[in-house]
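What follows is each chain in one-letter form.
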Amino acid sequence: MPKIFVIRKKRLRLVWLLLLAAAIAAVCLKWTASLDAMSAPQEMRVFELVTGEFKTTTRDGKELEVYRWDPASIVVREGEAVELRITGVNGASHPFVIQELGVKGEVNKGQTTVVRFTAEQRGTFAIECLTHTSLANGGPMVGYITVL
């Protein structure tokens, strides 16, 4: 076999080895980056809510009053770390629960209550005020968290 052909064959093998090494390095770097991303602390998603009140008087002079969470609906992703900052604007006290997410707290007028949780399951879950549960007592005061 001519000497030139042997040298070219060696160079070709060397090029293939270098390409293979580069491909392996790229895969390793991508895999390491994925592991780093999974172990990195999640950024907390923060939502500001307030308690609101609507009042009106009917034609026959009866006063109606209802309370609500504002905004009434928020959307988060499954696995996302969430912080709700709820400020009491109207109504003296609003003890609340989000049963399926294991969240409970109480919002008082003029104060901000902070609750944190991780949205670990998909679905739509009610933020229920335990004081204002029906129209007879200013409710229902219900908001919703949708986990996608």
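From a predicted model like this one, the values you see are computed outputs, not experimental measurements.

Asks: Sorry, what's going on with the sheet that holds strand β5 (residues 93–98) here?
Replies: The pairing of strands in a sheet comes from backbone hydrogen bonds and takes either a parallel or an antiparallel form. Spatial ordering of the open sheet is given by β3-β9-β8-β5-β6, a layout of 5 strands whose pairing is mixed. Sheet topology places β3 (73–76) and β6 (103–108) at the edges, where each strand pairs with a single neighbour. Each neighbouring strand pair of the sheet contributes to a mean axis angle of 20°, computed without reference to strand direction. With 2 bridges connecting them, β5 and strand β8 (residues 123–129) associate as antiparallel partners. Across the sheet, the residue bridging to V97 is E128, located in β8.

Asks: What am I meant to see in the packing of aromatic side chains here?
Replies: In this description, a pair of aromatic rings is defined by centroid distance and the angle of the planes. Considering all chains together, one arrives at 1 aromatic pair under this definition. Ring centres of W69 and F96 lie 5.7 Å apart, and the angle between their planes is 75°; this geometry places the pair in the edge-to-face category. Here F96 lies in strand β5 and W69 lies in strand β2 (residues 63–70), a separation of 27 residues in the sequence. Of the two residues, W69 and F96, both sit in the buried class.

Asks: Could you clarify how one ought to interpret unusual backbone geometry in this entry?
Replies: Across the chain, the bulk of peptide bonds are trans and the bulk of non-glycine residues have phi less than zero. Following D70, the chain continues into P71 via a peptide bond in cis, with omega recorded as 5°. Residue position: P71 is located in the loop between β2 and β3. Look at the link from G139 to P140: it is a cis peptide, with omega at 0°. The residue P140 is located in the loop between β8 and β9 (142–147) in this model.

Asks: Help me understand the nonpolar core, please; the structure alone is not making it clear to me.
Replies: Side chains of a nonpolar character, in soluble globular proteins, are inclined to be buried together. Residues W69, L84, F96, I98, F117 and I145 are the most contacted members of the largest nonpolar core, which totals 23 residues. Those residues within four positions of F117 in sequence are excluded, and the remaining contacts are E80, A81, V82, L84, L101, V103 and I145.

Asks: I keep staring at the sheet that holds strand β4 (residues 81–87) and nothing clicks. Help me out?
Replies: Pairing within the open sheet is mixed, and its 4 strands lie in the order β2-β1-β4-β7. Edge positions in the sheet fall to β2 and β7 (112–118), since each has one partner strand and no second. Strand-to-strand, the axes of this sheet are offset by a mean angle of 20°, without reference to chain direction. Bridge count for strand β1 (residues 45–57) against β2 is 8 bridges, and the pairing is antiparallel. Across the sheet, the residue bridging to T57 is E63, located in β2.

Asks: Just to check I follow, could you spell out the environment of G79 for this structure?
Replies: Mapped onto the elements of the fold, G79 is located in the loop between β3 and β4. Residue classification places G79 among the partly exposed positions, given a relative accessible area of 27%. Separated by 69 residues in sequence, G79 and L148 have C-alpha atoms that sit 9.4 Å apart.

Conventions we followed
Residues numbered from 1 in each chain as written. Predicted model: local features only at pLDDT ≥ 70, side-chain atom pairs only at ≥ 80, totals over all residues. Heavy atoms only, no water. Pairing = 2+ DSSP bridges. Helix = DSSP H or I, 4+ residues; strand = E, 2+ residues; numbered from the N terminus. Axes fitted to C-alpha atoms, helices over the stretch in contact; angles between N-to-C directions. Phe/Tyr/Trp six-rings, centres within 6.5 Å; stacked < 30°, edge-to-face > 60°. Buried < 20%, exposed > 50% of the residue type's maximum accessible area, 1.4 Å probe, protein only. Core = buried A, V, L, I, M, F, W, Y, C linked by side-chain atoms within 4.5 Å. Contact = heavy atoms within 4.5 Å.

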